[in-house]
Amino acid sequence: MLLIANYEGRSGTQLAAEFLAKKTNGLRAIIEGIKLVEANLDIHTVGMSSWPNILGELQLDASVMDGNTRRTGAVGALRGFKHPVEVAYRVLSDIHHEILVGEGAERFAHEIGALRAKNETELSLKMWQKHLAEVLTPDQASKFPNLRLLDVKSEAIDPEKMFDTTVYLSLDHEQRISSATSTSGWGWKYPGRLGDSPIIGAGSYADSRYGACACTHTGEMTIRAGTARSVVLYLKMGLSVEDAVYEAARDLTALETGYLAEVTIHAIDKAGNYKVVGLNSSEEIKYVVWQPGMQSPEIHSAEILRL
Ligand code: GLY
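Summary of the structure given here. Everything numeric in this text was worked out from a predicted model, so none of it was measured.

**So, the environment of Q291**
Argument step 1. Within the element layout of this structure, Q291 appears in the loop between β11 (286–290) and β12 (298–301).
Argument step 2. Along the primary structure Q291 and A17 are separated by 274 residues, whereas in three dimensions their C-alpha atoms are 8.0 Å apart.
Argument step 3. Contacts of Q291, omitting those with residues within four sequence positions, involve M1, L2, G272 and Y274.

**Examining the sheet that holds strand β6 (residues 177–183)**
Argument step 1. The strand order across the open sheet formed by eight strands is β4-β3-β2-β6-β5-β1-β11-β12, and the pairing between neighbours is mixed. Pairing within the sheet leaves two strands with one partner each, and these edge strands are β4 (99–101) and β12. When the angles between neighbouring strand axes are averaged without regard to direction, this sheet yields 15°.
Argument step 2. Relative to strand β3 (residues 71–78), strand β2 (residues 60–66) runs antiparallel, the two being bridged by six bridges.

**Brief notes about unusual backbone geometry**
Residues apart from glycine generally show negative phi values, whereas peptide bonds are mostly found in trans.
Argument step 1. Geometrically, the link from F144 to P145 is a cis peptide bond, its omega value of 10° lying close to zero.
Argument step 2. Relative to the helices and strands, P145 is located in the loop between α6 (138–143) and β5 (166–171).
Argument step 3. Notably, K23 is not glycine yet its phi reads approximately 65°, a positive angle.
Argument step 4. Position of K23 among the secondary structure elements: in the loop between α1 (13–21) and α2 (26–38).
Argument step 5. By relative accessible area, which is 54% here, K23 ends up exposed.
Argument step 6. The backbone of R70 sits at a positive phi, close to 60°, despite the residue not being glycine.
Argument step 7. Relative to the assigned elements, R70 resides in the loop between β2 and β3.

Calculation rules
- Residues numbered from 1 in each chain as written.
- Predicted model: local features only at pLDDT ≥ 70, side-chain atom pairs only at ≥ 80, totals over all residues.
- Heavy atoms only, no water.
- Helix = DSSP H or I, 4+ residues; strand = E, 2+ residues; numbered from the N terminus.
- Contact = heavy atoms within 4.5 Å.
- Pairing = 2+ DSSP bridges.
- Axes fitted to C-alpha atoms, helices over the stretch in contact; angles between N-to-C directions.
- Buried < 20%, exposed > 50% of the residue type's maximum accessible area, 1.4 Å probe, protein only.

Okay, structure coming up:
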């Protein structure tokens, strides 16, 4: 058994580890862990009280993948519900689609009776207003929001860019490998922007025959490189988990245009090996590990790879 999560996701790891230790299905274990992070008002990159888009709305993304069946469920730009990761799971379990976005995702969440929430809090709106006050010219401020949002510089200034996204990977007692993600994406993002978290193959992928991978930071890059799927394919081709992650990092480095920044790759294999690498990270990257025999999840430091 094994649990890997990124550092921002740490508040749910004790619960997920307890579920895994009790031989719960690994996908359910990591969903329950992530739900605690979604409800955590002190984490501003996922769920309640995270930083909204440029219009002040919280549009949340999440995904799940069962590595036994390779069924997935994902939601993008979901508004008004407390647990996007649970809605993503219900896409997997209740409908013959793999991803729902926007109004369709909200209608689905309503139809399954998902828990509603006003995720925008006083703090998240205050931070958004502070950001607007810094970036809008007086003319733009007088017109807002009826102006070209394209003209409002909103990219690459996310205050929590280094810490975005909650990602969990698990290997359970039946050797099932699962992945799950949840995020508010970039603070001040353009409305409708999806990152890699709801894009299976980019921000996460799980296949019980080989392993799983999930990424944080710059989704714009992992979408283009298909990073999570690539890592699992490299495992299938016989690479070690370490070499699979390095190879995917080289793929990311080969991107020469577009928005280029840091990416962290988390990966596990079916034997319970794991590797976490922060590609070109300017700061220390931590992550969480739990395995049987550990009293509670441990915080480790990722290898920083400069390519
Ligand atoms: N990695 C999360 C995002 O780009 O939204």
